[in-house]
Amino acid sequence: MRRLRLIGLAAFTSALPAFAVRAQAPASDSTGFRAGQWGTEFTLGSNLGNPTGVGALRFHSVRRALLLDVLGRVSWQSGEALLTENQTFGRLRLGTRWYRPVTRQILQSLTLGVLMSRDQRTQEQRYVVSGDSVKTRSTIAGGGLFAELGANWMVTSHLSLGAAWHTDVTHTRITQRTEGGGPMLLPPNVRSTQWSASLGQLVLRAGVYF
């Protein structure tokens, strides 16, 4: 009887490494998602070019989802009641995201799509001696293409935490108008267009899936 127990224990112990390997290896299409599923994604940015926002995901398969999100930032500042400046930035993105399982809890993602953005800035400078004020309004609006490479840790089947590297190429139209000033010499109004590229920005995000 004791010999049988030893043989059984040895067989169980030898099977543990193979079981552990199978548990760590991702199964085919083991993203945990399903076609028709919805998700909400919250993005935390660190600056104006990398704003904070919220979006929606609609899964068409276990590995592919449609993404629509809105990101933005509003800021206001005043210096000694002589200079005030406010800024409003918004970005709308529409794209397709593909997921690839790395392990059972880690998913790699690639997102490609189009974006539109608008940056509105107003600055007013007041002069105590003359009593004059100069107000400058600047608008930068445009659109382009973006790509994003990310990774997600599936905390549960309904919650994920992750990060992504965002890059884009955009064409923008810049308009600047200056008003006021009294007898002061004002800079001319400006209208121009330009192409710009972002080499990469890191964003943090959390996802909730239903």
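All values reported here derive from a predicted model rather than from experimental measurement. (Residues numbered from 1 in each chain as written. Predicted model: local features only at pLDDT ≥ 70, side-chain atom pairs only at ≥ 80, totals over all residues. Heavy atoms only, no water.)

1. Topic: the environment of I174
The condition is simple: Helix numbering and strand numbering both begin at the N terminus, where a helix is a DSSP run of H or I of at least 4 residues and a strand a DSSP run of E of at least 2. Each residue's exposure class comes from its accessible area (1.4 Å probe, protein chains only) as a fraction of the maximum for that residue type: buried when under 20%, exposed when over 50%, partly exposed otherwise. Should any heavy atoms of two residues lie within 4.5 Å, those residues are considered in contact.
Here I174 lies in strand β7 (residues 159-180). What makes I174 buried here is its relative accessible area of 18%. Between the C-alpha atom of I174 and that of V190, which follows or precedes it by 16 residues, the distance is 7.6 Å. Leaving out residues up to four positions away in the same chain, I174 has contacts with T139, I140, V190, R191, S192 and Q194.

2. Overview of the pattern of salt bridges
Just so we agree on the cut-off: Put simply, a salt bridge is a Lys or Arg side-chain nitrogen that is within 4 Å of an Asp or Glu carboxyl oxygen.
This structure, assessed with the given rule, holds eight salt bridges. For E41, the salt bridge goes to R205, with nearest N and O atoms at 3.4 Å. Placement of the pair is E41 in strand β1 (residues 38-44) and R205 in strand β8 (residues 190-209), with a sequence separation of 164 residues. When sorted by exposure, E41 lands in the same class as R205, which is buried. D69 serves as the salt-bridge partner of R93, at 2.8 Å between the closest nitrogen and oxygen. Linking R93 in strand β4 (residues 83-101) with D69 in strand β3 (residues 64-79), this pair joins segments that are 24 residues apart in sequence. Overall, D69 belongs to the buried group, its relative accessible area being 3%.

3. Some points on a positive patch on the surface
So the rule is basically this: Like-charged residues within 9 Å of one another, or nonpolar side chains (Val, Leu, Ile, Met, Phe, Trp, Tyr) within 5 Å, are grouped into patches, provided each residue has over 30% relative accessible area and no salt bridge. Only the protein chains shown count as covering a residue, and every accessible area follows the Shrake-Rupley method with a 1.4 Å probe. In this tally, Asp and Glu contribute negative charge and Lys and Arg positive charge; neither His nor the terminal groups of the chain are included. Every charge is mapped onto a representative atom, which is NZ of Lys, CZ of Arg, CG of Asp or CD of Glu.
Residues R118, R173, R177 and R191 make up a contiguous surface patch of positive charge. Along the chain, R177 turns up in strand β7.

4. Overview of the confidence of the model for the chain
To keep it simple, the criterion reads: Along the chain, pLDDT gives the predictor's confidence residue by residue, from 0 to 100.
Across the chain, pLDDT averages 82, with 77% of residues at or above 70. Of the regions scoring below 50 in pLDDT, residues 1-27 engages in 10 contacts with residues more than four places distant in sequence or in other chains.

5. Considering the packing of aromatic side chains
The following threshold applies: Stacked, tilted and edge-to-face are the three classes applied to pairs of Phe, Tyr and Trp rings, where Trp contributes its six-membered ring and a pair requires centres within 6.5 Å; stacked means planes under 30 degrees apart, edge-to-face means over 60, and tilted covers the rest. Geometrically, a charge over a ring is one whose NZ (Lys) or CZ (Arg) sits within 6 Å of the ring centre while staying within 35 degrees of the ring normal.
Summed over all chains, the structure comprises five aromatic pairs. Each residue in the set F33, F59, Y99 and Y209 is aromatic and connected to the rest through ring pairs, giving one cluster. Note that R93 overlies the ring of F146, its terminal NZ or CZ placed 4.5 Å from the centroid.

6. A few points about the nonpolar core
Under the convention used in this document: The set of buried Ala, Val, Leu, Ile, Met, Phe, Trp, Tyr and Cys residues whose side-chain atoms join them within 4.5 Å is what this entry labels a nonpolar core.
Grouped together as the largest cluster of nonpolar side chains are nine residues: F33, L57, F59, A65, L67, Y99, L107, M154 and Y209. Taken together, the elements giving at least two residues each to this core come down to β2 (52-59) and β3. Not counting the four nearest positions on each side in its chain, L67 is found in contact with E41, A56, L57, R93, L94, G95, R97 and T111.

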